[in-house]
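# Structure at a glance
Chain residues, written in single-letter form:
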Amino acid sequence: MSENGDHGDQEDDQQAAGGKKMEIQLELNVKQKLATRLGTLLVASLVYVCFCGDSAVASLIFVALLALLLRSTTFVFSLVMTAKRDTMALQRFLALNLYLLKRDRGNFTIARCFQQLARSQPQKACFVMDDRRITYAEALLLSEKIAAFFKQQGLQRGDCVALLMETRLEYPCIWLGLSQLGVITALINSNLRGESLLHSVKVANAKAFVFGSELMDVVQSLIEKEQLPRIPVYQYTGEELRTLPGHELLPGAVDLSAALTTQQAMALPPSSSAGEARSKLLYVYTSGTTGLPKAAVITNLRFLFMAAGTFYMLRLKRDDVVYNPLPLYHTAGGIVGVGNALLNGSTVVLRKKFSAKNFWLDCSRNDCTVAQYIGELCRYLLATPYTPEQQHHRLRLMYGNGLRPQIWSQFVRRFSVPNIGEIYGATEGNSNLINITNRVGAIGFVPIYGQRIYPVQVLRCDEETGELLKDPRGHCIRCRPGEAGLLVGKVDPRRAVSAFHGYADKGASEKKLLRNVFAKGDVFFNSGDMVVCDILGYFYFKDRTGDTFRWRGENVATQEVEAIITNCVGLEDCVVYGVQIPHVEGKAGMAAIVDPDRKVDMEYLSIVLRGSLPPYARPLFIRLLDEIPRTATFKLKKRELATEGYDLTRLSDPIYYLNRDGVYRQLSRDQYKALRAGTAGL
């Protein structure tokens, strides 16, 4: 049975696209109920004849159990239908946990794991990018030189270094070398500018700043404005860039790449100290639910879980060649992707920036067997003109997060991808799920017999406000199949699977926790995501709660955007929210500004937003209106504005659209029609 209601439109769109209809089974039909009961009776008859015929007590117990099973047809059906899936998942999950247990007890850090791998396969390619490659031995040597150099600079265990660099072969080696000293690396989003960039450096309490010469203009601007904290600055310039204009050494910076040419390597000590596996490794930034970027804490054990989890649950192999076109400052590319090389021994192919045109060419040229994706990436690939070369690849698996159900089957069929591994999980969270069965649209599953044991739960809440609903005892209520609810994960610091390490900011960490959910003293992580579960234990993503929305594969925190716009337009009221655009994943940003006299200078606002926000965070639409509707308690009604969207047929307020040149101009009728038809090039 297919879910109706909110999913109806999605299913119609999918059928129109020629894809397989996504099935969310919420109840059994008559045939399934009848077949389940007949099957139960048949098996019960065989059991009775073999084991219970000569014992009155056994017969009574048997009859009671049979009556219970006949009343629980849905449970019996689900148990039988998912037996193969759950057995396979259990085997892989146990292997993963055994691996993590051994690494934890052996106090293995990522650096120590990589050292073992590099010594066992020194000449194998570790990372490949364009026409360059770095072997395991070369990567290990570079990381050991980094460790030795920064030890001489006085960095100590627990210090933090901010790393601002675009994707390159040396990127993982830099933070890997720092980790040998116990130094934490803050992986700064290379698209950040202005206040967001400064905040990311300051919130990590960085003691040094390392940047790639390709971002020299960004760093130079901060230094000239005296905004960068007074910390040592190190510039890394690759050999292929040193002779090119625009890559000269920034005044006041240390030439890191030159220093490393004469630097002696420093190997790890032969034995590790207690607790090293649980020590901090990285800060990976996430917008969270509100405000400026938050520095999520990634420990060595957390990194092990995320990278090895994918490897074990999706059955990757050491001889796989993994294509990773995702940025290395994010979890997907920088941990799950890079981890295939650092922990699993696979060769990882990098790309500076994703290219839909070159995706399949890269996979073919490098003989890739596995590739990563995010949902937006898949849509871009489908939007390219068809060529036979798009199926000339050796990929046996693509994995990632956010593959839209409406294009799932179409994507698999067009590009001949045998297997899809859809992963669900937040950088800082513990609500981890994975789909290993190619179930269209599912973000993962939990066996039906383990739904109260596994730490992931779905709670009833008000879909408009996200507020949790409680029973008369004050406890949260679990959702039944088909009910949309808030996905949460139980926090258990003793286990890598369910630990929550939070953010560098303790206050921000506490805001993500729910306490006394089912019993006094229990603690759960709030994912901020609404999901639906079916009777087979599959989970399906529905929407995000709160103010945050997702655009271009990134979470956009509205408060940050609102603050910048408000300062720019003279502190007038402003709200930012996400609006749906047909045929496009996620929600595009839209800002509503109170401007009854229509005095807002759109050209100036365009310049400010370009200089202050990364491309994905800039609102696509701006609406000027006389006043913003409020509740009786003076709260701004974002939901009403989001519902109205940018509909020119319903609104008389002027609406401005972000054009390709980065300037806001009034939305024309032709542009509006193109947006509705999906031909606007988004």
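Anyway, here's the lowdown on the structure attached to this text.

The rules behind the values
Residues numbered from 1 in each chain as written. Predicted model: local features only at pLDDT ≥ 70, side-chain atom pairs only at ≥ 80, totals over all residues. Heavy atoms only, no water. Core = buried A, V, L, I, M, F, W, Y, C linked by side-chain atoms within 4.5 Å. Buried < 20%, exposed > 50% of the residue type's maximum accessible area, 1.4 Å probe, protein only. Helix = DSSP H or I, 4+ residues; strand = E, 2+ residues; numbered from the N terminus. Contact = heavy atoms within 4.5 Å. Phe/Tyr/Trp six-rings, centres within 6.5 Å; stacked < 30°, edge-to-face > 60°. Pairing = 2+ DSSP bridges. Axes fitted to C-alpha atoms, helices over the stretch in contact; angles between N-to-C directions. Right-handed = clockwise from strand over helix to strand, strands pointing away. Salt bridge = Lys/Arg side-chain N within 4 Å of Asp/Glu carboxyl O. Parallel < 35°, antiparallel > 145°, perpendicular 65-115°, else oblique. Left-handed = near helix turned anticlockwise from the far one by under 90°. Polar contact = N/O pair within 3.5 Å; in protein donor to acceptor, adjacent residues only side chain to side chain.

## Quick word on the nonpolar core
Ranked by internal contacts, the top residues of the largest apolar core, which has 113 residues, are F127, F150, W175, F303 and M398. No other element matches the nine residues that helix α12 (residues 300-313) contributes to this core. Excluding anything up to four places from it in sequence, F303 contacts I110, W175, L281, L282, I298, G334, I335, G339, L342 and L343. Residues L164, Y283, A617 and L648 belong to the second largest nonpolar core, which totals 76 residues.

## Let's talk about the environment of K511
Take K511: it is sitting in helix α18 (residues 506-511). Residue classification places K511 among the exposed residues on the basis of a relative accessible area of 71%. Taking C-alpha positions, K511 is 8.7 Å from N526, a pair spaced 15 residues apart along the chain.

## A closer look at the side chain of D86
By the element assignment, D86 lies in helix α5 (residues 83-105). Classification of D86 by relative accessible area gives buried; the value is 3%. The contact partners of D86, leaving out residues within four places of it in the chain, are F445, P447 and Y449.

## Section: the packing of aromatic side chains
Each pair of aromatic rings is reported with the distance of its centres and the angle of its planes. Per the stated rule, a full pass over the model turns up 21 aromatic pairs. When the ring of F93 is compared with that of Y454, the centres are 6.3 Å apart and the planes differ by 65°; the resulting orientation is edge-to-face. Taken together, the residues span a long stretch of sequence, with F93 in helix α5 and Y454 in the loop between β16 (444-445) and β17 (456-459) at a distance of 361 residues. With relative accessibility at 21%, the residue Y454 sits in the partly exposed group. With 5.6 Å between their ring centres and 55° between their planes, W175 and F303 make a pair best called tilted.

## Here's the deal with the sheet that holds strand β11 (residues 347-350)
Taken together, eight strands build an open sheet; the order of strands is β2-β1-β11-β10-β12-β13-β14-β15 and the sheet is mixed. Across the chains shown, the open sheet's two edge strands, defined by having one partner strand only, are β2 (132-135) and β15 (433-435). Each neighbouring strand pair of the sheet contributes to a mean axis angle of 20°, computed without reference to strand direction. Pairing of strand β14 (residues 420-424) with β15 involves three bridges; the strand directions are antiparallel. Bridging across to β15, Y424 finds its partner in L433. Along the sheet, helix α7 (residues 136-152) contacts β1 (125-129) and β2; its crossing angle with β2, the most-contacted strand, is approximately 75°. Against the sheet, helix α16 (residues 375-382) touches β12 (370-374) and β13 (397-401), its axis set at about 105° to β12.

## Some remarks on the sheet that holds strand β26 (residues 621-625)
With mixed pairing, five strands are arranged side by side in an open sheet as β24-β25-β26-β27-β28. Two strands close off the open sheet at either side, each with one partner strand: β24 (574-579) and β28 (664-666). Each strand of the sheet is rotated relative to its neighbour by a mean of 25°, with strand direction disregarded. Two strands pair when backbone bridges link them, and strand β25 (residues 588-594) and β26 are joined in this way by five bridges, in the parallel orientation. Across the sheet, the residue bridging to V594 is L625, located in β26.

## Observations concerning the pairing of β25
With seven of seven residues buried, β25 is to be regarded as a mostly interior element. Of the two faces of β25, the one carrying A588, M590, A592 and V594 and the one carrying G589, A591 and I593 are both buried. Summarising the sheet, β24 and β25 pair through six bridges and their orientation is antiparallel. By the bridge assignment, C574 is partnered in β25 with I593. With respect to chirality, the unit in which β25 leads through helix α20 (residues 602-612) into the neighbouring parallel β26 is right-handed.

## Some words on the pairing of strand β9 (residues 294-299)
Counted residue by residue, β9 has six buried out of six residues, so it is predominantly covered. A two-sided burial pattern is seen for β9, the buried positions comprising K294, A296 and I298 on one face and A295, V297 and T299 on the other. Direction of pairing for strand β8 (residues 280-286) relative to β9: antiparallel, over a ladder of six bridges. Looking across to β9, one finds that Y283 is bridged to V297.

## A look at the pattern of salt bridges
Counting across every chain of the model gives 18 salt bridges. As a salt-bridge pair, D471 and R473 come within 3.8 Å of each other at their nearest N and O atoms. On the basis of relative accessibility, which here comes to 67%, the residue R473 falls in the exposed class.

## What about the packing of α5 against α12?
Relative to each other, α5 and α12 sit at 150°, their axes nearing to 10 Å. Compared by their axis directions, α5 and α12 come out roughly antiparallel. The crossing of α5 and α12 is right-handed. Along its contact with α5, which presents A89, R92, F93, A95, L96, Y99, L100, R103 and D104, the element α12 presents L301, L304, F305, A308, G309, Y312 and M313.

## With respect to helix α8 (residues 171-180)
Most of α8 sits out of view: 10 of its 10 residues are buried. Among the residues of α8, those classed as buried are Y171, P172, C173, I174, W175, L176, G177, L178, S179 and Q180. One or two residues past the end of α8 sits G182, with phi positive at roughly 80°.

## Describing the side chain of Q25
Residue placement: Q25 occurs in the loop between α1 (8-16) and α2 (30-52). Within the structure, Q25 has its side chain in polar contact with the side chain of Q32 (distance 3.0 Å).

## Focus: the environment of G182
Its place among the elements puts G182 in the loop between α8 and β4 (184-187). C-alpha of G182 to C-alpha of R71: the two residues are 111 residues apart in sequence and 58 Å apart in space. What G182 contacts, discounting residues up to four positions off in sequence, is R157 and G158.

## A few points about the environment of L605
Position of L605 among the secondary structure elements: in helix α20. The residues contacting L605, other than those within four sequence positions of it, are I565, C568, I593, V600 and I622.

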